[in-house]
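What the coordinates show
Here's the letter readout for the chains.
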Amino acid sequence: MLRPTRMKKLQILALEGYRDTIVKGLQGLGTVHLTDYSEKLSDPRWKELLQPHPLSPHVRKIATQNIALNRLLDLFERYDPEAREGFFKAVFAPLPPKKLESRGVFGAELIETVDGIVEKVEGEVENPVKDLEKIEEEIAELRRSRGLLELVLSLEIDLRDVGESDYLSVSIGIAPKEALESIRERIEDLTDNTYYLGARETTENKLVTVIICLKEHASTVLPNLRRLNWERIELEGQEGKPQEAIDSIDTRLMELGQDKTEKEQIIVDAARRWRDELKKYQEFLMIERQRQESQTKFARMEHIVALEGWIPQHSVTRAVEEIQGVSNGACVVDVSDPDDKDDVPVQLKNPKFFKSFELLTRLYGLPSYNGVDPTLFLAPGFLLFFAIMLTDALYGVIALVLGMSLIRGGGRYNEAIKDGGIILSSAGVATIIIGALSGGWFGGFGLRVPVLAALQVFDPMVQVIAFLLIALIIGLTHVNIGVVINVVDRLKTGQVWKAMSGNLWFLFIQPGLFFFLTGHKSLGYIFIVISLMLLFAGHKAMSMFQVTGFMGDILSYARLMALGLCTTGIAMTVNVLAGMLSVVGAIGTIFAVIIFLFGHLFNFLINAMGAFVHGLRLHYVEFFTKFYQSGGTEFKPLEMRFDIVEIK
Amino acid sequence: MELSSGAILAIIGAAISMGLAAIASGIGVGLAGVAGAGVISEDPKKFGPVLVLQALPQTQGIYGFLGAVLILIGVGVLGGVVKEIPIGMGYAALGGGIVIGLSSFTAVAQGAIAASGMGAVAKRPETFGQAVVLAVMAETFAIFGLLIAILIFVGTKIMGG
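Residues numbered from 1 in each chain as written. Chains lettered and ligands numbered in written order. Predicted model: local features only at pLDDT ≥ 70, side-chain atom pairs only at ≥ 80, totals over all residues.

A closer look at the overall build of chain B
- The helix and strand tally for chain B stands at seven helices and zero strands.
- Moving toward the C terminus, one meets the helices and strands of chain B in the order α-α-α-α-α-α-α.
- Structurally, chain B occupies a C-alpha span of about 60 × 25 × 20 Å along its principal axes.
- Residues classed as buried in chain B amount to 55% of the 161 residues present.
- In chain B, the share of contacts with a sequence separation of at least 24, taken over all contacts with a separation of at least 6, comes to 84%. (Helix = DSSP H or I, 4+ residues; strand = E, 2+ residues; numbered from the N terminus. Buried ≥ 20, exposed ≤ 12 C-beta atoms within 10 Å, placed from the backbone. Contact = placed C-beta atoms within 7 Å.)

Re the interface of chain A and chain B
- Taken together, the contact between chain A and chain B spans 24 residues of the former and 21 residues of the latter.
- Tallying contributions element by element places helix 22 (residues 558–582) of chain A first for the side of chain A that touches chain B, with nine residues.
- When its residues are assigned to classes, the side of chain A that touches chain B shows 17 nonpolar, five polar and two charged. (Nonpolar A, V, L, I, M, F, W, Y, C, P; charged D, E, K, R; others polar.)

Here we look at the confidence of the model for chain B
Residues and elements named next belong to chain B.
- Confidence in the prediction for chain B averages 90 pLDDT; 98% of positions are at 70 or higher.
- The spread of mean pLDDT over the elements of chain B runs between helix 2 (residues 47–55), the lowest at 85, and helix 4 (residues 87–103), the highest at 96.
- Confidence metrics for the complex model read pTM 0.82 and ipTM 0.75. (pLDDT = per-residue confidence, 0-100.)

Some words on the environment of Gly147 of chain A
- Tracing the backbone through its elements, the reader meets Gly147 of chain A in helix 6 (residues 107–151).
- When the C-alpha atoms of Gly147 of chain A and Ile246 of chain A are compared, they prove to be 9.2 Å apart, with 99 residues separating the residues in sequence.

Examining the domain arrangement of chain A
- Segmentation of chain A into domains returns domain 1 (163–234) and domain 2 (352–626).
- Computed from C-alpha coordinates alone, the two centres of domain 1 of chain A and domain 2 of chain A are separated by 81 Å. (Domains from an automatic or database assignment.)

Focus: helix 3 (residues 59–75) of chain B
Residues and elements named next belong to chain B.
- Between its terminal C-alpha atoms helix 3 stretches 24 Å, which fits the 24 Å expected from 17 residues at 1.5 Å a residue.
- Taken across its 17 residues, helix 3 has 17 buried, putting it largely inside the fold.
- A positive backbone phi angle near 95 degrees is found at Gly76, which sits one or two residues after helix 3. (Expected span 1.5 Å × (residues − 1).)

Thoughts on the pairing of strand 6 (residues 168–176) of chain A
Residues and elements named next belong to chain A.
- Relative to strand 6, strand 5 (residues 163–164) runs antiparallel, the two sharing two bridges. Counted as the bridge partner of Glu164 is Ser169 from strand 6.
- Remark: three residues form the turn of the hairpin made by strand 5 and strand 6, two consecutive strands paired antiparallel.
- Relative to strand 9 (residues 231–232), strand 6 is paired through two bridges, and the arrangement is antiparallel. Looking at the pairing, Gly173 lines up with Arg232 of strand 9. (Pairing = 2+ DSSP bridges.)

Set out below in structure tokens:
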């Protein structure tokens, strides 16, 4: 406890031929974090002995297969979308995730199987997909023509006549209403009065026009009209009156629609039959890719392959046995302790309940391998601070209920949701206790019940100064714990001078001031002098800032009281507002109930969020800075982690 | 109803507390909201973290509201009967309102930090926790403002008197 899992360095030399079986064995164990040899290989002494291991030829093939699977799954998703759970259902009441039973398929067999399946599925959907593309293109074109035809619907001409004949040019166009006269004048000018201009109303403020003129005039008339905002409508290839043309387009659209549904159904059928299979192999490919890619971390010489990694101390025996077993003893396994220069990966190790609070430690950053894991301290501190800032037993009940529903809902299948649920419900329990002691039951609402009123030992709205003092004393204690952890940790690791010159002065100045102020002046002087000596020896010119820094840290805990009062004050306000409305009659009572419920819900949400972030802040900024060394690399073992596949 | 000068000063204090805090929180939430809309336009799935970051500068508005309500309760405006307030007590309440109102302007800075935090979250979602902590730092001084106001109210018997 208090430190991350102890690790051993694992070095393996094996015959090249056993490479794949060893990697498979390690992946099955899931306890070895492989490290990259390439850093070592930049050292000339190592370079003489070993070369970097070449990239596995399977990696590229697997990537291609993965793309093919994704493309097919995307296609299925487009035509046959899978039902998805909404946010609240997924968090509070999800269905059990689907599991697919399968025997393990790996290596060459996997690649061959996936090739076969991809070929088969692509064969099934290739033609329908091509047909659908064509159908969709035609539909888009027909819709465009139909849109144009609707504009000229009021014209009673046969569309076969539109265009150029031996002597005449017939054009259809759209123009703004007010431009009609200038269009007429322009045509008159350009055609020596040899023309026909017909106009009918179409969409708002627009006219649809038919212009008939001599063929030789057309090339000058039409470009000229464009400057008057006349827009030509191209209707080549249409027959009959506009309404007839629209009818024939509608018939064709209907045919295409049926055709489209048929083709889509083929893809939907394929989706229903193949989707699970594709997902299953997608997961197998992911495992295989990790296995193949891990080879880039290895080194080799002639027929030997070299691997290096980290393994938790308690898993060493089992791993060594496994490696010896799968390689028939044709390997050398060396297990050693890390040295100071090693960047040892960090795996946090905490008892069951506290494990959930690792989430909050991770949010700040993992501790370094030789540092203290603060989770055990963080959990009780965070719960206490959260409760003091929320100070209302019924708000605690809301948090508890929400937390329990998370644990029993999404928490069954999702570790992060479960951790969140455990944190929230234990914060709820802490808030119920603190809330009951300070008489917070939706503000003072619940105090009408004598039993609840009897539980109250403290009134934050009245004993304001006492509340502030309690907050500051909690702060002082919290900061002291941080300093003690730091001193003990440094003494344990043999850094005596660092332990003395760090923040130890702060532990001496407190009894010093206490004795000084309570009349034991000489004893007080001794402590104060020792404290000042430690302070100046350790921090020299920066000593003054140490003192102000600590004062600032402790004052910062005053937020416990300010935010606690904030919750109580707003709860009180909600009750006062609801109370004022409730005397106005029946409608007033209804509004009073609404204001009461929504007001308290709002107050809970906003202040629970405040309690959460400020509870964390007091740890990250005031507490962690006293002892915490972050910057650890996460322990990520090579493992076989299946989400949907269940190996038989 | 004839109000005493003390009561009037206290009520002005309540108005300043809420009014300034509303302006400051509004600007802060606005700054964060503009950045948030940008992030959502790229990736609507980030709505959750963006909303939390945008909500942070709202707290100062709530402190302003709380300060105003404490004054109004102390003076008796909330609760029916307006008390006879000595003029000195009125000035004290006004001072409390001013300190809350002015310290609420940390919400503007907090909004700016939250906005850049959203940029960080857009690129690297795992930085959400850190982004929240960075923004929360700015709120410390608003909390101290509220604290001083509460001490003024307690010391001059506006609260608990």
